Amino acid sequence: MSISVEQVEQIARLAKLEFSDDEKLEMADQLAKIVEYVEKLNEINTDNIQPTYHVVDINNVFREDKTADSLSQEEVLKNAPKSKLGYFSVPKVIDK
Amino acid sequence: MNFKNVRLKLENKETSFENLVKQYLDKIEKGVQLNAFIFVDKEAALIKAAEIDKKLENGTAGKLAGLVLAVKDNMAIKDSQVTCGSKILENFVSPYNATAIEKLLAEDALIIGKTNMDEFAMGSSNENSYFGPVKNPVDNSRVPGGSSGGSCTAVAAEMAMAALGSDTGGSIRQPASFCGVVGLKPTYGRVSRYGLVAFASSFDQIGPITNTVYDAAILLEVIAGHDKRDSTSAPVTVPKFSKALDGNIKGLKIGLPKEYFSEGLDSEIRESIENTIKILEENGAEILEVSLPNTEYGIAAYYILTTAEASSNLSRYDGARYGYRAENVESLEDMYVRSRSEGFGNEVKRRIMLGTYVLSSGYYDAYYRKGQQVRTLIKNDFEEAFKQCDCLITPTTPSTAFKMDEKTDDPLAMYLSDVYTVSVNLAGLPGMSLPCGFDSNNLPIGVQIIGKQFDEEMILRVGDFLEKNLALKTTG
């Protein structure tokens, strides 16, 4: 199993991460080793085996659609790196 | 010191709680080089201790008054920091309490501080923390295990009477074993995850780390139960766990999964576990060999599924609403990418990458779906085994605490140190590690007891019996 630097770049784009050239090489190497290890699973026949999404038998959990108390706007914005006029503030998305 | 005895001493007025808390704060100060805590609020602890003394005085004290508790820093405490061992949450202050914390505070537990951990609970050595590694209190050149390494160190070094940890693949049991304390991972769904920072949501569970099995039972009694704020918490009744410790193990059927005793297990650990089993047998338990044939695939399935879940869970750290934001960002995209790349440490990035890869288009069926199918097989293995026996006994870890830096360059070797603990999380079972001996370096050895889903009573009963009959002695 090998993973190319191009593949690392593609995965990083999906994961919204960036790496230096050295880091990319190291990541390619480490991911390849881990992926090779997990491919061990191909030794087992899993035809007709249902996947387990959840270990405890709980199906859809519903609640009544009622309004309830929530955090105040002030509390919510307390941890914001930047906020303005009661909103989260981020870099401009649309150019003038 | 265990809570049960401390509470008696307080009730008999042999000491004040404030005095006791001072002793713990003193221990924390003296042991600062162990790096077990990320945050300790000394003044608040002393004020709270005086309040609890008053409650003890006038008879209004809760069930846990007298408990000095440390909490892993991935659980939310209102108006207090939750770093998760990460730079990305370094300045985050929680606006609410986790359900487990709310229940503990309602019973007058005193939280003395937040403990160090592997970043986002990803690690088996506590070397992945942004706030530096934790040292094993038994041997400072060794790791305490992880990811709840700070919590286990705090309890082992008597900086707290008990602690909360979280366990996704062994993160309570493995460090408990390395540090020589009791660590219990409850059944998935037993304890609400509300307010626990998510790593892999279908695996994560909060559990107690204590000096005695009894203390673990008392703590579990308080934190367990259905919570409407966590739809995965199970609507099942919470037994009086402490009442299960009746010392009666006669006729119990105890299974030894043969795959857990095969190659790769340290010979001194094997000997210690065999001695432990002998005690059970001599006291009327029936010991039988069972098989969990898919054990060897546990680690692979675990790393596919947990990294996939983590890559999704950790997408929320985008620099927009909370957490670290990179400086001088040029665009929204730049803000996301740089905040995440500067904010996360190496192991977390590696797992996000792996998780993103296994979930990406074209690979999903080959890895993620396959992993879930293997999860079913592993779960079925346990169900088959439990048709023959009441609980299982295994080693907690294949080796005792390893040296610092020994495995940091080889992620896969690090992952393999969880070989005996991950299957329990894959199957959603309860598991507990308790000290059962020491190796020739005087390092603690842990025995793991695994129970059926929601049968924590069984593992607590067997654990309590062992604790009382093992009469631990160090070789030195």
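Quick caveat: nothing in here was measured; it's all calculated off a predicted structure.

Participant: Account for the side chain of Thr99 of chain B, naming residues and giving values.
Facilitator: Residue and element names in this part refer to chain B. In this fold, Thr99 is placed in helix α4 (residues 99-106). Classification of Thr99 as buried rests on a relative accessible area of 4%. Within the local environment of Thr99, its side chain forms a polar contact with the side chain of Arg229, the two groups lying 3.0 Å apart. In contact with Thr99, not counting residues within four places along its chain, are Ser192, Tyr194, Asp227 and Arg229.

Participant: Describe a nonpolar patch on the surface, and please don't skip the residues or the numbers.
Facilitator: Side chains of Tyr53 of chain A together with Leu359 and Tyr364 of chain B sit close together on the surface and give an oily, nonpolar patch of about 290 Å² of accessible area. In this fold, Tyr53 of chain A is placed in the loop between α2 (21-38) and α3 (73-77). Given the relative accessible area of 53%, Tyr53 of chain A is considered exposed.

Participant: So what about unusual backbone geometry? Which residues, and what values?
Facilitator: All names here are of chain B. Note that the residue after Gly146, namely Ser147, is joined by a cis bond; omega there is 10 degrees. Along the polypeptide, Ser147 turns up in the loop between β3 (110-115) and α5 (149-156). Its identity as a non-glycine residue notwithstanding, Glu158 has a phi of 55 degrees, on the positive side. Within the secondary structure layout, Glu158 lies in the loop between α5 and β4 (162-167). The class for Glu158 is partly exposed, based on a relative accessible area of 35%. Residues other than glycine seldom take positive phi values, yet Asn442 does so here, at roughly 70 degrees. Structurally, Asn442 is set in the loop between β10 (431-438) and β11 (444-451). By relative accessible area, which is 24% here, Asn442 ends up partly exposed.

Participant: Go over the interface of chain A and chain B, please, and point to the residues and values.
Facilitator: Across the boundary between the two partners, chain A contributes 49 residues, which contact 65 residues of chain B. Buried surface at the junction of chain A and chain B, both sides included, amounts to about 5,100 Å², of which 68% is carbon and sulfur. Taking the shortest distance from any N to any O, the salt bridge between Glu75 of chain A and Lys78 of chain B comes out at 3.9 Å. The interface formed by chain A and chain B includes 21 residue pairs in polar contact (both at pLDDT 80 or more). Of all the secondary-structure elements, those providing two or more residues to the side of chain A that touches chain B are α1 (5-15) and α2 of chain A. Here the side of chain A that touches chain B takes eight residues from α2 of chain A, the largest share from any one element.

Criteria and thresholds
- Residues numbered from 1 in each chain as written.
- Chains lettered and ligands numbered in written order.
- Predicted model: local features only at pLDDT ≥ 70, side-chain atom pairs only at ≥ 80, totals over all residues.
- Heavy atoms only, no water.
- Helix = DSSP H or I, 4+ residues; strand = E, 2+ residues; numbered from the N terminus.
- Buried < 20%, exposed > 50% of the residue type's maximum accessible area, 1.4 Å probe, protein only.
- Polar contact = N/O pair within 3.5 Å; in protein donor to acceptor, adjacent residues only side chain to side chain.
- Contact = heavy atoms within 4.5 Å.
- Patch = residues over 30% accessible without salt bridge, like charges linked within 9 Å, V, L, I, M, F, W, Y side chains within 5 Å.
- Areas by Shrake-Rupley, 256 points an atom, 1.4 Å probe, with all protein chains shown as cover.
- Salt bridge = Lys/Arg side-chain N within 4 Å of Asp/Glu carboxyl O.
- Buried area = accessible area lost by both parts, 1.4 Å probe.

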